[in-house]
Amino acid sequence: RALLIAPCLLAAVAASDAAKDRFTSGVWQGDANYDTDGQFRDCTMTAQSGEGILLGFVISKDFDWGIVIADETRTLEVGTRKAVLLLVDARDPIAAVAKVVDAHGILIPLDNSETVLDAMRHGKVLRIVTDGAEFSFKLTGTADAIAALAACVTEHQDSERVEL
């Protein structure tokens, strides 16, 4: 089960033509995203770490969800898969398989389980370990932000972008 988001998510994660498709929740900036035919694709929200690494959450129109990490200092082979471990506070580790969707970014599909949702909503610090690299992010305000992200999908689920 893969999220159908294009590598352009990393390039255009914060770019949306219509202000009505944007939302803010605490430190998180969100957007509703559309494909080239104007059909709603997903909603994303992003925040940048102090080290300049972009962390994003994405929920597709089918309510599949995941994490996107973009790090301009790393070059990755697009299309490859990488084992990752998500560590939130002192909770049990969450194992996942990430897909390299951009030369500088990965997508980590997440289960819709209560364990994962609770960790992302109520955790304090998320550490992501893969290929000897470790990324650390504060999960500031994610409970409200994930709720806003899900509301974005519900609001836009059957919509098309209309250019004025």
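Residues numbered from 1 in each chain as written. Predicted model: local features only at pLDDT ≥ 70, side-chain atom pairs only at ≥ 80, totals over all residues. Heavy atoms only, no water.

Engineer: Report on the side chain of D71, specifying residues and quantitative values.
Structural biologist: Within the secondary structure, D71 is located in the loop between β5 (65-70) and β6 (81-88). The class for D71 is buried, based on a relative accessible area of 6%. Within polar-contact distance, the side chain of D71 engages the side chain of T73 at 2.6 Å. Residue contacts for D71: discarding those within four places in its chain leaves I53, H104 and F135. (Helix = DSSP H or I, 4+ residues; strand = E, 2+ residues; numbered from the N terminus. Buried < 20%, exposed > 50% of the residue type's maximum accessible area, 1.4 Å probe, protein only. Polar contact = N/O pair within 3.5 Å; in protein donor to acceptor, adjacent residues only side chain to side chain. Contact = heavy atoms within 4.5 Å.)

Engineer: How would you sum up the sheet that holds strand β4 (residues 54-60)? Please name residues and give values.
Structural biologist: If you walk across this open sheet you meet the ten strands as β1-β2-β3-β4-β5-β8-β7-β6-β9-β10, and the pairing is antiparallel. Where the open sheet ends on each side, the last strands, each with one partner, are β1 (22-25) and β10 (133-138). Going from strand to strand, the sheet's axes swing by 25 degrees on average, the running direction of each strand aside. Bridge analysis of β5 against strand β8 (residues 105-110) gives six bridges, and the strand direction is antiparallel. Within the sheet, the bridge partner assigned to G66 lies in β8 and is P109. Against the sheet, helix α2 (residues 114-122) contacts β4, β5, β6, β7 (94-102), β8 and β9 (125-130), and its axis sits at roughly 45 degrees relative to β5. (Pairing = 2+ DSSP bridges. Axes fitted to C-alpha atoms, helices over the stretch in contact; angles between N-to-C directions.)

Engineer: Lay out the environment of T130 in plain terms, naming residues and giving numbers.
Structural biologist: Within the element layout of this structure, T130 appears in strand β9. Taking the relative accessible area as the measure of exposure, T130 reaches 7% and is therefore buried. Linking T130 and L85, residues 45 residues apart in sequence, is a C-alpha distance of 6.7 Å. Those residues in contact with T130, other than ones at most four positions away along the chain, are K82, A83, V84 and F135. At 2.9 Å, the side chain of T130 and the backbone oxygen of A83 are in polar contact.

Engineer: Just give me the short version of the pairing of β9, but keep the residues and values in it.
Structural biologist: Alternating positions in β9 separate cleanly, L126, I128 and T130 being buried on one face and V125, R127 and V129 remaining unburied on the opposite face. As judged from the six bridges shared by β9 and β10, these two strands associate in the antiparallel manner. Bridged to R127 within β10 is S136. The hairpin turn running from β9 into β10, its antiparallel successor, is two residues long, and D131 in that turn takes a positive phi close to 45 degrees.

Engineer: Just give me the short version of helix α3 (residues 142-156), but keep the residues and values in it.
Structural biologist: One turn of the α-helix equals 3.6 residues, which is why residues spaced by three or four share an orientation. Helix length check: α3 (15 residues) gives 21 Å between terminal C-alpha atoms against 21 Å at 1.5 Å per residue, within 8%. Of the surrounding elements, those touching the buried residues of α3 are β1, β2 (28-34), β3 (40-48), β4, β5 and α2. (Expected span 1.5 Å × (residues − 1).)

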